[in-house]
Protein chains: 2
Amino acid sequence: MPLVVLSEQFAALPGIGMKTAQRLAYAVMEMPAEQAQAFADAILNARNNVHDCPICQNLTELSCCSICENVKRDHTTVCVVESPKDVTAIERTGEYHGVYHVLHGLISPLDGISPEQLRIDALLHRIREGGIQELIMATNPSVEGEATAMYLSRLIKPLGVKVTRLAFGLPVGGVIEYTDEVTLYRALSNRSEM
Amino acid sequence: MPLVVLSEQFAALPGIGMKTAQRLAYAVMEMPAEQAQAFADAILNARNNVHDCPICQNLTELSCCSICENVKRDHTTVCVVESPKDVTAIERTGEYHGVYHVLHGLISPLDGISPEQLRIDALLHRIREGGIQELIMATNPSVEGEATAMYLSRLIKPLGVKVTRLAFGLPVGGVIEYTDEVTLYRALSNRSEM
């Protein structure tokens, strides 16, 4: 039964069905023993040695994450995101030199997620410590993302910090004909002079 | 970097791209510590304690697999398959009561797989030991599957063993209109009286 047990472990991961889980379990069987060992070690190492950065709440294996620790980054600008995956995506642009704050979720009354469950206290603490001039709301353009951005904006503006939102418009390489009307409306109203 | 290392481990599995691997690595991060431990244990247990059955070559954690050991099964009929996954699929029908032989591959000159690399010697050894009356070729209806079935049939028929092949025809629930011509031809030529 070890193969069944392993298949069930894979199937417990998000988006992995029983068929795929079985295929992955067979792949593990065919690995060199060292690779299987490295795989098992990577799971335990990631689970046990990675924790939230005490400042920005992003995942890190260090006592403080490499972005918060980097003195070359602009610590007056904070980009507020939903999850660590968003940090990775924005870092890939190579164009953002500020720091981050990871909320670990979005306000969603339907899913029972209230502001208290997000890392908003830690964000307010950072702002009160001073030195932050701008907060960029980089939550998804979804109902929850918009609501969270609005909520934070109302909360933080009175503290004298500039709050901005990511631009909305046509995606690069997109086709106007196939663009949904909300995006097209945003692209029109946010048009810029050439 | 533990998350990057874990992502790379997931991405090394077949059919898992870098995006999915990253998603799975984050899922491991969010697991309870015991589940991560169970996952790592399952990998090592499957990889290190599962081996080929000395008789049928199927994967097992026992010294001899449960099908070969089962005296209630018909040991005179051997179903020859490409991989352990095929054994699982045929067992699911609940209608086959014979035993198996797993080749661990198909003859494929283009991929550099010659008959010597398959478990054909072990099959011949079983036949020479006597008691086997029928060999069912249950390889896929692909070029390699057909070639392997033909090769084994020519090799084994002279030893006085009946060699049969799985039936080809319309899949149950299939639609004639959308059936490819080769399958339709097989279904026509293998038609049976009502």
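Look up a bit, the structure's there.
As the structure is a computational prediction, the values presented were derived from the model and not from experiment. (Residues numbered from 1 in each chain as written. Chains lettered and ligands numbered in written order. Predicted model: local features only at pLDDT ≥ 70, side-chain atom pairs only at ≥ 80, totals over all residues. Heavy atoms only, no water.)

S.K.: Even after reading the chapter, I still don't get the overall build of chain A, so can you show me in this structure?
M.R.: A count of helices and strands for chain A gives 8 helices and 6 strands. In chain A, the succession of helices and strands from N to C terminus is α-α-α-β-β-α-β-α-β-α-β-α-β-α. Counting only C-alpha atoms, chain A reaches 60 × 45 × 35 Å along its principal axes. Burial analysis of chain A (194 residues in total) assigns 41% to the buried set. Sequence-distant contacts, at least 24 apart, represent 46% of the contacts inside chain A between residues at least 6 apart. With the model as given, the accessible surface of chain A reaches about 11100 Å², and the carbon-plus-sulfur share is 55%. Across chain A, 16 positive and 23 negative side-chain charges occur, with their mean positions spaced 4 Å apart. (Helix = DSSP H or I, 4+ residues; strand = E, 2+ residues; numbered from the N terminus. Buried < 20%, exposed > 50% of the residue type's maximum accessible area, 1.4 Å probe, protein only. Contact = heavy atoms within 4.5 Å. Areas by Shrake-Rupley, 256 points an atom, 1.4 Å probe, with all protein chains shown as cover. Lys, Arg positive; Asp, Glu negative; His and termini not counted. Charge placed at Lys NZ, Arg CZ, Asp CG, Glu CD.)

S.K.: Looking at this structure, how should I read the packing of aromatic side chains?
M.R.: Aromatic ring pairs are reported here in terms of the distance separating the ring centres and the angle at which the planes meet. Inspection of every chain in the model, using the stated rule, returns 7 aromatic pairs over all chains. Aromatic side chains Phe10 of chain A and Phe39 of chain A sit 6.4 Å apart centroid to centroid with 35° between the ring planes, which places their arrangement in the tilted category. Taken together, the residues span a long stretch of sequence, with Phe10 of chain A in helix 1 (residues 2-11) and Phe39 of chain A in helix 3 (residues 33-49) at a distance of 29 residues. The class of Phe10 of chain A is buried, set by a relative accessible area of 0%. What links up through ring pairs into an aromatic cluster is the set Phe10 and Phe39 of chain A together with Phe10 and Phe39 of chain B. (Phe/Tyr/Trp six-rings, centres within 6.5 Å; stacked < 30°, edge-to-face > 60°.)

S.K.: Would you take a moment to explain the relation of the copies chain B and chain A for this structure?
M.R.: Here chain B sits on chain A after a turn of 179° about the axis and a move of 0.0 Å along it, with an RMSD of 0.2 Å. Taken together, the rotation and translation relating the two chain copies correspond to the operation of a two-fold axis. Across chain B, the smallest distance between a C-alpha and the rotation axis is recorded for Ala40 of chain B, namely 2.1 Å. A symmetric contact is evident, with 100% of the interface residues of chain B recurring at the interface of chain A. (Least-squares fit on C-alpha atoms with pLDDT ≥ 70 in both.)

S.K.: What is the right way to read helix 6 (residues 120-128) of chain B from this model?
M.R.: The periodicity of an α-helix, 3.6 residues per turn, causes residues three or four places apart in sequence to face the same way. Residue and element names in this part refer to chain B. Those residues of helix 6 lying buried are Ile120, Ala122, Leu123, Leu124, Arg126 and Ile127. Packing partners of the buried residues in helix 6 comprise strand 3 (74-81), strand 4 (98-102), strand 5 (134-137) and helix 7 (143-156). Positioned one or two residues after helix 6, Gly130 has a phi angle of 85°, which is positive.

S.K.: Explanation requested: the nonpolar core in the structure shown.
M.R.: A general feature of soluble globular proteins is that nonpolar side chains tend to end up buried together. Residues Phe10, Leu13 and Phe39 of chain A together with Phe10, Leu13 and Phe39 of chain B are the most contacted members of the largest nonpolar core, which totals 40 residues. Secondary-structure elements contributing two or more residues to this core are helix 1, helix 2 (18-29) and helix 3 of chain A together with helix 1 (2-11), helix 2 (18-29) and helix 3 (33-49) of chain B. Sequence-distant contacts of Leu13 of chain A, defined by excluding residues within four places in its chain, comprise Phe10, Leu24, Ala27, Val28, Met31 and Phe39 of chain B. Residues Cys56, Cys68, Leu103 and Val163 of chain A belong to the second largest nonpolar core, which totals 33 residues. (Core = buried A, V, L, I, M, F, W, Y, C linked by side-chain atoms within 4.5 Å.)

S.K.: Could you clarify how one ought to interpret the sheet that holds strand 5 (residues 134-137) of chain A in this entry?
M.R.: Sheets are built from strands paired through backbone hydrogen bonds, the pairs being either parallel or antiparallel. All names here are of chain A. Overall, parallel pairing links the 4 strands, which are arranged 4-3-5-6 in an open sheet. In this open sheet, the two edge strands, each paired with only one partner strand, are strand 4 (98-102) and strand 6 (162-165). Averaged over all adjacent pairs, the angle separating strand axes in this sheet is 25°, with direction ignored. Note that strand 3 (residues 74-81) and strand 4 share 5 bridges and pair parallel. (Pairing = 2+ DSSP bridges. Axes fitted to C-alpha atoms, helices over the stretch in contact; angles between N-to-C directions.)

S.K.: I would appreciate a short explanation of unusual backbone geometry in the present structure.
M.R.: Residue and element names in this part refer to chain A. One non-glycine residue, Gln57, adopts positive backbone phi at about 70°. Here Gln57 is to be found in the loop between strand 1 (51-52) and strand 2 (59-60). The phi dihedral of His104 is positive, around 60°, even though this residue is not glycine. Here His104 lies in the loop between strand 4 and helix 6 (120-128).

S.K.: Any chance you could explain the packing of helix 2 of chain A against helix 5 (residues 84-93) of chain B here in plain terms?
M.R.: Relative orientation and spacing of two packed helices are given, respectively, by the angle between their axes and the distance between those axes. At a closest axis distance of 11 Å, the pairing of helix 2 of chain A and helix 5 of chain B adopts a crossing angle of 145°. Counting all contacts with helix 2 of chain A, which are made through Lys19, Gln22, Arg23 and Tyr26 of chain A, the residues of helix 5 of chain B involved are Pro84, Lys85, Thr88 and Arg92 of chain B. Residues belonging to the contact of helix 2 of chain A with helix 5 of chain B are distributed by class as follows: 2 nonpolar, 2 polar and 4 charged. (Nonpolar A, V, L, I, M, F, W, Y, C, P; charged D, E, K, R; others polar.)

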